[in-house]
Amino acid sequence: MIVIGIDPGAHGGIAVLDSKIGFVNTSKMPLLPSGEIDVISIREMLRASESPSSPVSPNIFIESVHSMPGQGVASSFKFGYSLGRIEAVCDLLVPDVHKVQPLAWQKVGPGKTGGDKSITIEWVKNTYPEAQIIPKGCRVPHDGICDAIGIAHYGLLLLQGKIDPPKAKPIRRKKKK
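No experiment lies behind these values; they were computed from the predicted model shown.

### A short note on the environment of Gly-115
Within the fold, Gly-115 resides in the loop between α3 (102-108) and α4 (117-127). Gly-115 sits 72 residues away from Arg-43 along the chain, and the two C-alpha atoms are 29 Å apart.

Here it is as C-alpha coordinates:
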(Lines give C-alpha, C1' and ligand atoms only; values in the text may rest on other atoms or scores of the structure.)
Protein backbone atom coordinates (compact mmCIF):
# COMPACT_ATOMS: atom_id res chain seq x y z
CA MET A 1 0.00 0.00 0.00
CA ILE A 2 1.30 3.43 -0.98
CA VAL A 3 0.55 6.40 1.29
CA ILE A 4 1.34 9.97 0.34
CA GLY A 5 1.56 12.76 2.90
CA ILE A 6 1.24 16.38 1.80
CA ASP A 7 2.08 19.44 3.86
CA PRO A 8 0.44 22.13 1.69
CA GLY A 9 1.79 25.59 1.16
CA ALA A 10 4.78 27.15 -0.55
CA HIS A 11 7.13 25.85 2.17
CA GLY A 12 5.43 22.46 2.42
CA GLY A 13 6.48 19.06 1.22
CA ILE A 14 5.40 15.71 -0.18
CA ALA A 15 6.36 12.27 1.14
CA VAL A 16 5.66 8.80 -0.22
CA LEU A 17 5.69 5.73 2.04
CA ASP A 18 5.19 2.11 0.98
CA SER A 19 3.85 -0.35 3.58
CA LYS A 20 6.10 -3.09 2.17
CA ILE A 21 9.41 -1.28 1.90
CA GLY A 22 8.96 1.79 4.13
CA PHE A 23 10.28 5.12 2.95
CA VAL A 24 10.13 5.80 -0.80
CA ASN A 25 10.54 9.45 -1.75
CA THR A 26 10.29 13.05 -0.61
CA SER A 27 10.14 16.43 -2.27
CA LYS A 28 9.73 19.98 -1.14
CA MET A 29 6.61 21.59 -2.59
CA PRO A 30 7.32 22.28 -6.28
CA LEU A 31 6.99 25.93 -7.21
CA LEU A 32 6.81 27.84 -10.45
CA PRO A 33 9.20 30.78 -10.98
CA SER A 34 6.29 33.05 -9.99
CA GLY A 35 6.18 31.39 -6.55
CA GLU A 36 2.87 29.62 -7.22
CA ILE A 37 2.58 25.92 -6.51
CA ASP A 38 3.36 23.81 -9.58
CA VAL A 39 0.37 21.47 -9.76
CA ILE A 40 1.64 19.83 -12.96
CA SER A 41 4.74 18.64 -11.07
CA ILE A 42 2.54 17.43 -8.22
CA ARG A 43 0.43 15.49 -10.73
CA GLU A 44 3.56 13.86 -12.17
CA MET A 45 4.81 12.93 -8.67
CA LEU A 46 1.47 11.34 -7.83
CA ARG A 47 1.42 9.39 -11.09
CA ALA A 48 5.00 8.22 -10.51
CA SER A 49 4.06 6.93 -7.05
CA GLU A 50 1.47 4.52 -8.44
CA SER A 51 2.77 0.96 -8.40
CA PRO A 52 2.46 -0.80 -11.77
CA SER A 53 2.21 -4.14 -9.95
CA SER A 54 -0.66 -3.03 -7.72
CA PRO A 55 -4.16 -2.23 -8.96
CA VAL A 56 -4.77 -0.19 -5.79
CA SER A 57 -4.34 3.58 -6.03
CA PRO A 58 -2.28 5.33 -3.38
CA ASN A 59 -4.00 6.96 -0.42
CA ILE A 60 -3.30 10.65 0.03
CA PHE A 61 -3.34 12.44 3.37
CA ILE A 62 -3.29 16.25 3.29
CA GLU A 63 -2.81 18.32 6.40
CA SER A 64 -6.05 20.13 7.21
CA VAL A 65 -5.01 23.75 7.52
CA HIS A 66 -6.73 27.11 7.64
CA SER A 67 -5.87 30.78 7.83
CA MET A 68 -4.41 32.06 11.05
CA PRO A 69 -5.38 35.16 13.02
CA GLY A 70 -3.16 38.05 12.06
CA GLN A 71 -2.59 36.86 8.50
CA GLY A 72 -3.44 39.39 5.86
CA VAL A 73 -6.41 38.89 3.56
CA ALA A 74 -4.24 38.59 0.45
CA SER A 75 -1.92 35.95 1.96
CA SER A 76 -4.89 33.97 3.33
CA PHE A 77 -6.53 34.02 -0.11
CA LYS A 78 -3.30 32.98 -1.84
CA PHE A 79 -2.79 30.11 0.60
CA GLY A 80 -6.41 28.92 0.23
CA TYR A 81 -6.15 29.14 -3.56
CA SER A 82 -2.98 27.02 -3.53
CA LEU A 83 -4.53 24.48 -1.17
CA GLY A 84 -7.57 24.20 -3.45
CA ARG A 85 -5.37 23.53 -6.47
CA ILE A 86 -3.45 20.80 -4.61
CA GLU A 87 -6.68 19.17 -3.45
CA ALA A 88 -8.17 19.32 -6.96
CA VAL A 89 -5.18 17.53 -8.50
CA CYS A 90 -5.32 14.87 -5.80
CA ASP A 91 -9.08 14.39 -6.16
CA LEU A 92 -8.79 13.99 -9.92
CA LEU A 93 -6.08 11.33 -9.74
CA VAL A 94 -6.82 9.33 -6.61
CA PRO A 95 -10.13 8.19 -5.12
CA ASP A 96 -8.93 8.21 -1.49
CA VAL A 97 -7.92 11.68 -0.31
CA HIS A 98 -8.06 12.27 3.44
CA LYS A 99 -7.60 15.41 5.53
CA VAL A 100 -5.76 15.12 8.83
CA GLN A 101 -5.53 17.64 11.63
CA PRO A 102 -1.99 18.65 12.65
CA LEU A 103 -2.44 17.46 16.25
CA ALA A 104 -3.71 14.06 15.04
CA TRP A 105 -0.60 13.20 13.02
CA GLN A 106 1.74 14.76 15.58
CA LYS A 107 0.18 12.65 18.33
CA VAL A 108 1.21 9.37 16.62
CA GLY A 109 4.50 10.78 15.37
CA PRO A 110 6.68 13.32 17.12
CA GLY A 111 4.17 14.22 19.84
CA LYS A 112 2.98 17.72 20.62
CA THR A 113 5.49 20.10 19.13
CA GLY A 114 4.08 23.44 20.19
CA GLY A 115 5.14 24.75 16.79
CA ASP A 116 8.78 23.71 17.31
CA LYS A 117 9.79 22.23 13.93
CA SER A 118 13.03 20.79 15.35
CA ILE A 119 11.01 18.19 17.30
CA THR A 120 9.49 16.82 14.09
CA ILE A 121 12.86 16.93 12.32
CA GLU A 122 14.51 14.85 15.08
CA TRP A 123 11.61 12.38 15.09
CA VAL A 124 11.95 11.90 11.31
CA LYS A 125 15.72 11.41 11.60
CA ASN A 126 15.15 8.63 14.15
CA THR A 127 12.09 6.99 12.54
CA TYR A 128 13.03 7.27 8.86
CA PRO A 129 16.83 7.67 8.82
CA GLU A 130 16.98 6.92 5.08
CA ALA A 131 14.62 9.80 4.23
CA GLN A 132 16.08 12.65 2.21
CA ILE A 133 15.07 15.60 4.38
CA ILE A 134 17.77 18.00 3.16
CA PRO A 135 16.90 19.04 -0.41
CA LYS A 136 19.62 19.49 -3.02
CA GLY A 137 21.30 22.84 -2.64
CA CYS A 138 20.25 23.19 1.02
CA ARG A 139 22.25 22.72 4.21
CA VAL A 140 19.48 22.17 6.75
CA PRO A 141 16.51 19.78 6.95
CA HIS A 142 13.32 20.99 5.28
CA ASP A 143 10.53 21.14 7.88
CA GLY A 144 7.80 20.85 5.20
CA ILE A 145 9.25 17.53 4.05
CA CYS A 146 9.47 16.34 7.67
CA ASP A 147 5.84 17.30 8.28
CA ALA A 148 4.82 15.45 5.10
CA ILE A 149 6.61 12.32 6.35
CA GLY A 150 4.74 12.62 9.66
CA ILE A 151 1.43 12.99 7.81
CA ALA A 152 2.15 9.94 5.62
CA HIS A 153 3.24 7.96 8.71
CA TYR A 154 -0.10 8.76 10.35
CA GLY A 155 -1.95 7.65 7.21
CA LEU A 156 -0.05 4.39 7.04
CA LEU A 157 -0.80 3.55 10.69
CA LEU A 158 -4.47 4.50 10.22
CA LEU A 159 -4.91 2.32 7.13
CA GLN A 160 -3.12 -0.59 8.79
CA GLY A 161 -5.57 -0.36 11.71
CA LYS A 162 -2.81 0.40 14.22
CA ILE A 163 -4.51 3.59 15.40
CA ASP A 164 -8.16 4.53 15.76
CA PRO A 165 -9.73 6.88 13.23
CA PRO A 166 -10.52 10.38 14.48
CA LYS A 167 -13.94 10.84 16.01
CA ALA A 168 -16.41 12.78 13.91
CA LYS A 169 -17.37 16.11 15.42
CA PRO A 170 -21.09 16.83 15.51
CA ILE A 171 -22.37 19.86 13.65
CA ARG A 172 -23.51 22.46 16.16
CA ARG A 173 -26.68 24.18 15.15
CA LYS A 174 -28.05 27.29 16.74
CA LYS A 175 -31.20 26.69 18.72
CA LYS A 176 -34.24 28.51 17.46
CA LYS A 177 -35.89 30.80 19.97
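### Here's the deal with the side chain of Thr-113
Within the secondary structure, Thr-113 is located in the loop between α3 and α4. Residue Thr-113 is classed as buried on the basis of its relative accessible area of 10%. Once residues within four sequence positions are removed from consideration, Thr-113 is found in contact with Gln-106, Ile-119 and Thr-120.

### Thoughts on the pairing of strand β4 (residues 59-63)
Where burial is concerned, most of β4 is hidden: five out of the five residues are buried. Neither face of β4 is left uncovered, since the one carrying Asn-59, Phe-61 and Glu-63 and the one carrying Ile-60 and Ile-62 both have all their residues buried. Taken together, the four bridges between strand β1 (residues 2-7) and β4 define a ladder with parallel strand orientation. Bridge assignment links Val-3 to a residue of β4, and that residue is Asn-59. Inspection of the sheet shows β4 paired to strand β5 (residues 97-100) by four bridges, in the parallel sense.

### Describing the packing of α4 against helix α5 (residues 143-159)
Angle between the axes and distance between the axes are the two parameters that describe a pair of packed helices. Following both chains from N to C, one finds α4 and α5 inclined at 60°, their axes separated by 9 Å at the closest point. Comparing the axis directions of α4 and α5 gives the class oblique. Crossing of α4 over α5 shows left-handed handedness. Residues Lys-117, Thr-120, Ile-121, Trp-123, Val-124 and Thr-127 of α4 lie in contact with α5, whose contacting residues are Asp-143, Cys-146, Asp-147, Ile-149, Gly-150 and His-153.

### With respect to α5
The first and last C-alpha atoms of α5 sit 24 Å apart over 17 residues, in line with the 24 Å expected at 1.5 Å per residue. The buried fraction of α5 is high, at 14 of 17 residues. Directly after α5, the chain includes Gly-161, whose backbone phi takes a positive value near 75°.

### Points about the sheet that holds strand β2 (residues 13-18)
One open sheet accounts for five strands, arranged β3-β2-β1-β4-β5; its pairing is mixed. In the strand order of this sheet, the two ends are held by β3 (22-28) and β5, each with one partner. Here the strands of the sheet are splayed against their neighbours by 20° on average, with no regard to which way each runs. On top of the sheet, helix α2 (residues 73-93) reaches β1, β4 and β5; it is set at about 170° to β4, its chief contact.

### Some thoughts on the environment of Glu-122
As for its placement among the helices and strands, Glu-122 is situated in helix α4. A relative accessible area of 40% means that Glu-122 is categorised as partly exposed. Distance from Glu-122 to Cys-146, taken between C-alpha atoms, is 9.1 Å for residues 24 residues apart in sequence.

### Some remarks on the environment of His-11
Among the secondary structure elements, His-11 is positioned in the loop between β1 and β2. Here the alpha-carbon distance between His-11 and Asp-147, two residues 136 residues apart in the chain, equals 11 Å. With residues near it in sequence (within four places) discarded, His-11 still touches His-142, Asp-143 and Gly-144.

### Comments concerning the side chain of Ser-64
Relative to the elements of secondary structure, Ser-64 occurs in the loop between β4 and α2. Aside from chain neighbours lying at most four places away, what touches Ser-64 is Lys-99, Val-100, Gln-101 and Pro-102.

Analysis parameters
- Residues numbered from 1 in each chain as written.
- Predicted model: local features only at pLDDT ≥ 70, side-chain atom pairs only at ≥ 80, totals over all residues.
- Heavy atoms only, no water.
- Helix = DSSP H or I, 4+ residues; strand = E, 2+ residues; numbered from the N terminus.
- Buried < 20%, exposed > 50% of the residue type's maximum accessible area, 1.4 Å probe, protein only.
- Contact = heavy atoms within 4.5 Å.
- Pairing = 2+ DSSP bridges.
- Axes fitted to C-alpha atoms, helices over the stretch in contact; angles between N-to-C directions.
- Parallel < 35°, antiparallel > 145°, perpendicular 65-115°, else oblique.
- Left-handed = near helix turned anticlockwise from the far one by under 90°.
- Expected span 1.5 Å × (residues − 1).

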